[in-house]
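Each chain, written out:
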Number of protein chains: 4
Amino acid sequence: MKVGIIGPNNKICSEELYDFGVQLGKQISAVGRTIICGGLGGFMEAVCKGVKQSDVTFKGQTIGILPGENSDSANEYIDISIPTGTGITRNIIIVRTADILIAAGGGAGTLSEIAFAWQLGKKVLCVTLFDGWAKELAGRNLDHRQTGLLIPVNNIGEIVDHLDNG
Amino acid sequence: MKVGIIGPNNKICSEELYDFGVQLGKQISAVGRTIICGGLGGFMEAVCKGVKQSDVTFKGQTIGILPGENSDSANEYIDISIPTGTGITRNIIIVRTADILIAAGGGAGTLSEIAFAWQLGKKVLCVTLFDGWAKELAGRNLDHRQTGLLIPVNNIGEIVDHLDNG
Amino acid sequence: MKVGIIGPNNKICSEELYDFGVQLGKQISAVGRTIICGGLGGFMEAVCKGVKQSDVTFKGQTIGILPGENSDSANEYIDISIPTGTGITRNIIIVRTADILIAAGGGAGTLSEIAFAWQLGKKVLCVTLFDGWAKELAGRNLDHRQTGLLIPVNNIGEIVDHLDNG
Amino acid sequence: MKVGIIGPNNKICSEELYDFGVQLGKQISAVGRTIICGGLGGFMEAVCKGVKQSDVTFKGQTIGILPGENSDSANEYIDISIPTGTGITRNIIIVRTADILIAAGGGAGTLSEIAFAWQLGKKVLCVTLFDGWAKELAGRNLDHRQTGLLIPVNNIGEIVDHLDNG
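First things first, this report covers the structure right here in the doc.

Rules behind the numbers
- Residues numbered from 1 in each chain as written.
- Chains lettered and ligands numbered in written order.
- Predicted model: local features only at pLDDT ≥ 70, side-chain atom pairs only at ≥ 80, totals over all residues.
- Heavy atoms only, no water.
- Salt bridge = Lys/Arg side-chain N within 4 Å of Asp/Glu carboxyl O.
- Helix = DSSP H or I, 4+ residues; strand = E, 2+ residues; numbered from the N terminus.
- Buried < 20%, exposed > 50% of the residue type's maximum accessible area, 1.4 Å probe, protein only.
- Contact = heavy atoms within 4.5 Å.
- Buried area = accessible area lost by both parts, 1.4 Å probe.
- Polar contact = N/O pair within 3.5 Å; in protein donor to acceptor, adjacent residues only side chain to side chain.
- Arc of directions from axis to C-beta.
- Pairing = 2+ DSSP bridges.
- Axes fitted to C-alpha atoms, helices over the stretch in contact; angles between N-to-C directions.

Concerning the pattern of salt bridges
Residue and element names in this part refer to chain C.
Part 1: The tally for this structure, following the rule as stated, stands at 20 salt bridges over all chains.
Part 2: Notably, a salt bridge pairs D164 with R33, separated by 3.6 Å at the nearest N-O pair. Here the residue D164 occupies a position in helix 6 (residues 156-165), and R33 occupies one in the loop between helix 1 (15-30) and strand 2 (34-37), the gap between them amounting to 131 residues.
Part 3: Taking relative accessible area as the criterion, R33 reaches 16% and is therefore assigned buried.

Concerning the interface of chain D and chain B
Part 1: Contact residues are listed per partner, giving four residues for chain D and four residues for chain B.
Part 2: Summing the contributions of chain D and of chain B, the shared interface buries around 240 Å²; its carbon and sulfur component is 48%.
Part 3: Across the contact surface, chain D and chain B share zero salt bridges.
Part 4: Scanning the region where chain D abuts chain B turns up zero residue pairs in polar contact (both at pLDDT 80 or more).

So, helix 6 of chain C
Residues and elements named next belong to chain C.
Part 1: For helix 6, the set of buried residues is I156, I159, V160 and L163. What you see down the axis of helix 6 is that its buried residues fit within an arc of 95°, all on one side.
Part 2: The inward-facing, buried residues of helix 6 contact strand 1 (2-6), helix 1, strand 5 (100-103), strand 6 (124-127) and strand 7 (150-153).
Part 3: For helix 6, the capping residue at the N-terminal end is N155, with a side-chain oxygen 3.1 Å from the backbone nitrogen of G157.

Focus on the sheet that holds strand 6 of chain C
All names here are of chain C.
Part 1: The strand order 4-3-2-1-5-6-7 describes an open sheet built from seven strands, whose pairing is parallel. Because the sheet does not close on itself, it has two edges, and the strands there are strand 4 (80-83) and strand 7. Looking at each pair of strands side by side, their axes are set apart by 25° on average, direction ignored.
Part 2: Set on the sheet, helix 2 (residues 43-52) makes contact with strand 1, strand 2, strand 3 (62-66) and strand 5; between it and strand 2 the angle comes to about 165°.

Written as structure tokens, this is what we have:
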């Protein structure tokens, strides 16, 4: 199972959210999931850091789908970087690749990714602990074509339960 | 000036919104603007229909940036179809190409386009007459990196004023 | 009919090829075709210049599908610029959009576009007057899945004949 | 080091080339490289099969960057599938992601990928044992902007030597 991570980059990620991301990454690594993210800093980096600091991580567990033309911008915890050279267009590839997504905090970039996930019929676990679009949209329906995809989660335990149950 | 049109496709566009789109297209054509849209049905088609029914329209005034691999899905009022073969990824190209955007109604697709416009720093004239994300987000700020880009508009006259001054 | 133009950019376009492009553009404009190209300099610019210098050109006759994130790099003869923000990935959109293509001269970029056209089953009029991949591949088959798509043309008159009959 | 694999899909891949691919995959796996490919059948599948049949393969060693909107078309030896939803546009992402590429056989698709690699300045090890564009272009320069990137290789031993030294 590939778990997509969407949330603030290093410009707008709070320290509290970063710490949450590291703890989340450790738990995801423990249950053996592969991480798909945008490969940059902030919440993406935090989760990858947690994954790679786990005792049971494996080579190829963190995948970064980058906006740039090369891998220079990848955070240091990315195992496999995929430089698309297509800018924010890469956000759609992240959503397509993930089997399920976790969103936390979130500005306009995260909002666009949640909207894509909705269009593609993918579940998004929306963390309610931090201000931003993930919290605001948790439990809402974005339009009448889908229902119930934006699932509120209040802590890491609930996230792991959802990953275990698909 | 290229005016981007974003809103519901034919599956979720109401008759009332379609009629509004046709009237809007006539006015935009009268002031000589080029239309950039996703090229399909619903609100996109309505605006293009209004443009091409104008007495002063010119060949090349309606541009449809299509998701598919060929032009078969273009509505009949598209002068120039651009089949990208990249699915909803093409939404970002619409936003990049437009100098200013008009949004009305709106499900998750429209929401993602408004979020892109915000990321790229483009103004979106958000029509307040129809339910959907355009109305809900009119006047809001999506995050702290931009401000004031989502401009509420209450009728076609206000839209034309913005196009004249934008 | 949309005519795709592929060939050297300003770094490797000879003066002779540029002059040929301007004359070609004038003839294409005279027969009312829309031009689809990459929007930059060299052969693309030359053809657009010829089109816009024609007495019968119309607004919206030259379309530039740009690699960059905005329209700054478009040549001055582009009526409608489409900044894709996806780098050379935009080459595929050019080929998809064109109903028929004209190739002249050509380095690796032109070679990749001819190869795409072949994959998509589109005819390419390959000018034999200038060294490069257009000349080298004129009349060849790139693999066994298509045949006869790379048509040698020896002068502008032959090109216009093909556009009239194509 | 990420090794890109380009060559015929299952429609035009010979049995001989497929067998070569399996042997090649076993050797690449033995030296610990990650494989980046288009994720479908033919030569891509053969190399992935060889990798996964190796005693020392690891989870996450074969990455398939798919043209489709989901992972259904991935061959069974792909560890991580990345469905781009962008059709053959994904070929460019394969080339960008790879640090070095191996090409064998080859129709128009392989030709376009070799041309991209040239544009991006990446080395391509061109196998000379099978008819197709890889053999035909081995040792050639595609234009005057790069030189020496298309390296002829005559057997698997030479490929492994290049990967060790590249």
